[in-house]
Amino acid sequence: MNTAIPKEEIQRRITGLQTRLAAGNLDAAILNHSVDVYYFAGTRQNSVLWIPQKGSPILLARKSFSRAQTESSIADIRPFPSSSELPAVLGQDVKKVGMTFDVLPVQYLSFYQKIFPDHEFSDISAMNRELRSVKSAWELAQMRLGGETLSGIFRQIPGFLKPGMREIDLAAEIEYRLRKAGIGGCFRMRGFNQEINGIALSGKNAAVPGCFDGPVTGQGIWTAAPYGPSTDLISESLPVIVDYGGFFNGYYVDMTRIFSFGPLDPELDHAFRLSLHIQQWITEHLVPGKTCEEIFFGARQLAIDAGLADNFMGPPGVQSKFVGHGVGLELDEAPVLAPKFREPLKVGNTIAVEPKFLFPGKGAVGIENTFAVMQDGYEKLTVLPDDIIYL
């Protein structure tokens, strides 16, 4: 399978950024973050990408230069020069330069400020996130394959999920199969200090508060990594929540399903049915022109009307302030179904919708699927039935 980003796809992205640079009165952009370099250059090698407002980009590769040459369709690829040579490579006539400050270390910014003391550096994080939030037909194809494969792995879970097994053993079996299927691997997060692995949790461990900016964190094994599955045993009487991302050719989809060895506690069953109702309401509003904020408030109102607002999107008092998040090359992309996100949805946005309810001492229930916003509605990319899977 040819996994390379097509040359015309790369050119479309570069042109899109150049148009935005011109609108922002910026002369060029310097991209240092590996995922941003990959998006615009098609290689994940340790490189810096220079994109002028007009003209052709230059890819400066540190390691591996030979692989960058093989992988990228950028015409001008050079070894990263010494700091004294860098001004000559990038040119002195450029004065206003954009950078993604949301991920750029201060040390890197100081480096460029020292080399280019007369340049003005501006933040293009929002510009970059907005451009990346709209997926092309090629990107959607990668995500469809990821969604189909991830759904296939979830279908296998009833064959090996047993009462009395440890949460970590369930997670290990899922991750083994994900890797064998070619969609496992790292979970890329853009947010500072945000990291997570897959979630396979039973009962009360699914409803403990935690550091991760999401509704379900898990107990984890160590305080050094306080998230995800623990060594606790899975009980027959409590719900099991499985939340994993499918990582296919660089792109993520995100999905959650609930497994149970018998009927759920009536309160949890009611909350699960409400999560399906909220998901349905949200998908009916995943149309171009709707704002993320109004969708969030509408979903929250449904939880309020049902008397479960305190359990919506987190344990009482520590709830996440969103009900869906963009996915793509990273797990936390734009758009976000949250307050203050007032930009209208666009065709090509891909959003993981995850209405969930958490009950301390009992567990968590809910649903998560990844959807693409289409011209006439939505497309579900995680193609598995939403019902509780009884074992």
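Just above sits the structure.
Being a predicted model, the structure only gives us computed values, none of them experimental.

1. Considerations on the overall build of the protein chain
- From N to C terminus, the protein chain includes 10 helices and 17 strands.
- A compact globule built from 391 residues should have a C-alpha radius of gyration of about 21 Å, and the protein chain, at 22 Å, falls within 12% of that.
- Dimensions of the protein chain, computed from C-alpha atoms along their principal axes, come out at roughly 70 × 40 × 40 Å.
- Taking all 391 residues of the protein chain together, the buried fraction comes to 56%.
- Taking contacts inside the protein chain between residues at least 6 apart in sequence as the whole, the part at least 24 apart equals 68%.
- Element-wise, carbon and sulfur atoms account for 53% of the exposed surface of the protein chain, whose accessible area totals about 16500 Å².

2. A word on the pattern of salt bridges
- Considering all chains together, one arrives at 28 salt bridges under this definition.
- As a salt-bridge pair, Asp169 and Arg166 come within 2.9 Å of each other at their nearest N and O atoms.
- A salt bridge links Arg342 to Glu293; its shortest N-O distance comes to 3.3 Å. Separated by 49 residues along the polypeptide, Arg342 in the loop between strand E11 (333–337) and strand E12 (350–353) and Glu293 in helix H10 (residues 292–305) bring together distant segments of the chain.

3. Observations regarding helix H6 (residues 125–133)
- Those residues of H6 lying buried are Ser125, Met127, Asn128, Leu131, Arg132 and Ser133.
- Here the buried face of H6 lies against helix H1 (7–23), helix H2 (34–41), strand E5 (96–99), strand E6 (120–123), E11 and E12.

4. Some details on unusual backbone geometry
- The residue after Lys63, namely Ser64, is reached through a cis peptide bond having omega 5 degrees.
- Looking at the secondary structure, you find Ser64 in the loop between strand E3 (58–63) and helix H3 (65–71).
- Of the consecutive residues Ala334 and Pro335, the connecting peptide bond is found in the cis state with omega at 0 degrees.
- For Pro335, the position within the fold is in strand E11.
- The residue Asn249 is not glycine, and still its phi comes out positive at about 50 degrees.
- Inspection of the secondary structure puts Asn249 in the loop between strand E8 (240–248) and strand E9 (251–260).
- Positive phi, normally seen in glycine, also occurs at Lys340, with a value near 75 degrees.
- Counting through the fold element by element, Lys340 comes out in the loop between E11 and E12.

5. Quick word on the packing of aromatic side chains
- Inspection of the entire model under this criterion finds eight aromatic pairs.
- Their ring planes at 75 degrees and their centres at 5.1 Å tell us that Phe111 and Tyr112 sit as a pair that is edge-to-face.
- Residue classification places Phe111 among the partly exposed positions, given a relative accessible area of 29%.
- Chaining the aromatic ring pairs together yields one cluster made of Phe187, Phe247 and Tyr252.
- A cation sits over an aromatic face here: Arg62 above Phe80, 3.9 Å from the ring centre.
- The ring of Tyr39 carries Arg132 above its face, with NZ or CZ at 5.9 Å from the centroid.

6. Here we look at the environment of Lys96
- Mapped onto the fold, Lys96 is located in strand E5.
- A relative accessible area of 30% places Lys96 in the partly exposed class.
- Sequence separation of Lys96 and Leu21 is 75 residues, and the distance between their C-alpha atoms is 9.8 Å.

7. Some points on the sheet that holds strand E2 (residues 46–52)
- Across the sheet, six strands lie side by side as E4-E3-E2-E1-E5-E6; this open sheet has mixed pairing. On the outer flanks of this sheet lie strand E4 (76–79) and E6, each paired with one strand and no other. Pairs of neighbouring strands in the sheet enclose a mean axial angle of 25 degrees, with direction left out of account.
- Sheet topology note: the E2/E3 ladder contains five bridges and is antiparallel. Bridge assignment links Leu49 to a residue of E3, and that residue is Leu59.
- This element, H2, spans strand E1 (28–31), E2 and E3 of the sheet and lies at about 55 degrees to E2.

8. Some details on empty space enclosed by the protein
- Overall, the coordinates contain two cavities of 30 Å³ or more when judged by the stated rule.
- Lining the largest cavity, in full, are Arg129, Arg132, Arg190, Glu330, Glu333 and Ala334.
- Listing elements by their share of the lining of the largest cavity, those giving two or more residues are H6 and E11.
- Of the residues belonging to the lining of the largest cavity, the class tally is one nonpolar, no polar and five charged.
- By volume, the second largest cavity is sized at about 30 Å³.
- As for the second largest cavity, its lining consists of Ile30, Val48, Trp50, Leu60, Phe80, Leu86, Leu90 and Tyr112.
- At the level of elements, E2 and helix H4 (86–90) are the ones that each hand at least two residues to the lining of the second largest cavity.
- Of the residues belonging to the lining of the second largest cavity, the class tally is eight nonpolar, no polar and no charged.

Definitions and cut-offs
Residues numbered from 1 in each chain as written. Predicted model: local features only at pLDDT ≥ 70, side-chain atom pairs only at ≥ 80, totals over all residues. Heavy atoms only, no water. Helix = DSSP H or I, 4+ residues; strand = E, 2+ residues; numbered from the N terminus. Rg over C-alpha atoms; globule rule 2.2 N^0.38 Å. Buried < 20%, exposed > 50% of the residue type's maximum accessible area, 1.4 Å probe, protein only. Contact = heavy atoms within 4.5 Å. Areas by Shrake-Rupley, 256 points an atom, 1.4 Å probe, with all protein chains shown as cover. Salt bridge = Lys/Arg side-chain N within 4 Å of Asp/Glu carboxyl O. Phe/Tyr/Trp six-rings, centres within 6.5 Å; stacked < 30°, edge-to-face > 60°. Lys NZ or Arg CZ within 6 Å of the ring centre and 35° of its normal. Pairing = 2+ DSSP bridges. Axes fitted to C-alpha atoms, helices over the stretch in contact; angles between N-to-C directions. 1 Å grid on protein atoms, 1.4 Å probe; cavity = no way out; pocket = protein on both sides within 12 Å on 5 of 7 lines; lining within 4 Å. Points joined across faces, edges and corners; volume = space filled by probe spheres on them. Nonpolar A, V, L, I, M, F, W, Y, C, P; charged D, E, K, R; others polar.

In short, shape yes, function no, at least from these values alone.
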